[in-house]
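# Summary of the model geometry
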Amino acid sequence: MNGARTGSPHLALLSLALLSPFLAPSLAQTCQSQSHAFSGNRDYASCAELPVLSSYLHWNYNETSNVADIAFRVTGVTSSNWLSWAINPAGQQMVGSQALVAYQNSSGSMWAYTSSVDSYQTCLTPGNLSFGVPNISAVLEGSDMTIFATLQLSSGMTTVNQVWQVGPMEGGSPGTHLTSGDNIESVGTLDFLSGIVAGSGGLGSSRQRRRNVHGVLNAVSWGTLMPMGALIARYLKVFQSADPAWFYLHISCQASAYAVGVAGWATGLKLGNESSANNKVHGNIGLALFVLGTIQGFALLLRPKKDHKYRLYWNVYHHTVGYTVIVLSIVNVFKGLDIQDPEQKWRTAYIGIVAFLGAGAAILEAVTWYIVIKRKKTASSTPKISHSINGDDGYNNGRA
Ligand SMILES: *[C@@H]1O[C@H](CO)[C@@H](O)[C@H](O)[C@H]1NC(C)=O
């Protein structure tokens, strides 16, 4: 029954956990993956995933002629959507946009045209732009709609404000797009030469999205699963019938928490270039958590056998680091919430989780003590059986 200590299941879990940061990035879709897929042998040297609305811009820019050949693609749309991509010399806003517009008309063919957006009450009526657009066309392929255009820009227009939009068709013409969420964040700058696309920095920008992903990953892993794994170890092992199930549950809970947590930590490293004092503390706690969590993983491999003389020290060490990780994790989730300052419901939700875990721990603690004391009383005639909830976390606990 000592299979859990032979090391191999631990190693497998641990290597999975350690590999996870390298596996995670492959899940992210990049615009490179679609650059093969343009009709008419079109080939673009540059590509950028725009921050919102599942939009991608591909382009070639000729520095001699200041001609930009662009393909603006939005994924996940239907024939009842219209698209627009614009350069706005007037600012990062809708009014003043020199727009390319496309939709499928009632005969089923795609129509693409230019429109200068002069007011917020626009109907995207066709009109000339402040720069030349010698070619424009559009296609709808599956759920991908793409506008192709050639823009004759002037020499100062290598960095431009770009605005893009997706809206519903209404009665055969472009209807009003949503005026909330991503649809009001679809603005930023584009540098045709460096390829750098910057969002508006507001809610819904790609940075904001990365911050949300970072927050959710870490609140779930460090902030929820890790404490749950500790509760499992502490309170399940008192039941003889849960032995050794609690041990495997504990290991798998902590290993998956660690895997997700390292991915979350990695997303935090990418965000970490804002250097306010608050962020520094948050980042340092994050680093400490990564180190402590990793040490816990390796310590598992070095765990002395239950009756080894050093096992007691190992237990003290394991519990100290474990509880430190839990306290730091919860503190850091709240620090992160302070920095990100999301809607109150997120903070409330996490407070709810912590309260639930805390109440669960309190109840289980009471139940455990009750069971242990009762067991001690009945076992007083057979002193070999001892059930300590603090002394030893070796499974097979209490089996003489
Ligand atoms: C860029 O434009 C110039 C002037 O029109 C032209 O001679 C040149 O071939 C173009 N370069 C490319 C790579 O298309």
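Keep in mind that this is a model prediction, so the values were computed, not measured.

Note on soluble globular proteins: their nonpolar side chains tend to be buried together. One finds Ile70, Phe72, Trp85, Ile87, Leu151, Leu153 and Phe192 to be the most contacted residues of the largest nonpolar core, which totals 32 residues. Counting residues per element, the ones that place at least two in this core are β2 (55-62), β3 (67-75), β4 (81-87), β5 (98-104), β8 (144-152) and β9 (159-170). Once residues within four sequence positions are removed from consideration, Phe192 is found in contact with Trp59, Tyr61, Ala68, Ile70, Trp85, Ile87, Leu153, Met157, Thr158 and Val160. Listed in part, the 11 residues of the second largest apolar core include Ala86, Tyr113, Val117 and Val187.

Counted under the stated rule, the structure contains 4 salt bridges. Between Glu141 and Arg73 there is a salt bridge, and its shortest N-O distance comes to 3.4 Å. With Glu141 in strand β7 (residues 132-141) and Arg73 in strand β3, the pair connects residues that are 68 residues apart, well separated along the chain. Classification of Glu141 by relative accessible area gives partly exposed; the value is 32%. For Arg73, a relative accessible area of 2% translates into the label buried. A single network of salt bridges, built from pairs that share partners, joins Arg73, Glu141 and Asp144.

Turning our attention to the pairing of strand β1 (residues 46-49). Both β1 and β2 contribute to a ladder of 4 bridges, which runs antiparallel. When the bridges of β2 are listed, Cys47 appears paired with His58. Two successive antiparallel strands, β1 and β2, enclose a turn made up of 5 residues, where Leu53 displays a positive phi of approximately 65 degrees.

Next up on the list: the pairing of β4. In terms of residue burial, β4 counts as a mostly covered element, since 7 of its 7 residues are buried. Burial along β4 is two-sided: the residues Asn81, Leu83, Trp85 and Ile87 and Trp82, Ser84 and Ala86 are all buried. Relative to β9, β4 is paired through 7 bridges, and the arrangement is antiparallel. Bridge assignment links Trp82 to a residue of β9, and that residue is Gly167. Where β4 meets β5, 5 bridges bridge the pair, whose relative direction is antiparallel. The residue of β5 that forms the bridge with Leu83 is Ala102.

How each quantity is defined
Residues numbered from 1 in each chain as written. Predicted model: local features only at pLDDT ≥ 70, side-chain atom pairs only at ≥ 80, totals over all residues. Heavy atoms only, no water. Core = buried A, V, L, I, M, F, W, Y, C linked by side-chain atoms within 4.5 Å. Buried < 20%, exposed > 50% of the residue type's maximum accessible area, 1.4 Å probe, protein only. Helix = DSSP H or I, 4+ residues; strand = E, 2+ residues; numbered from the N terminus. Contact = heavy atoms within 4.5 Å. Salt bridge = Lys/Arg side-chain N within 4 Å of Asp/Glu carboxyl O. Pairing = 2+ DSSP bridges.

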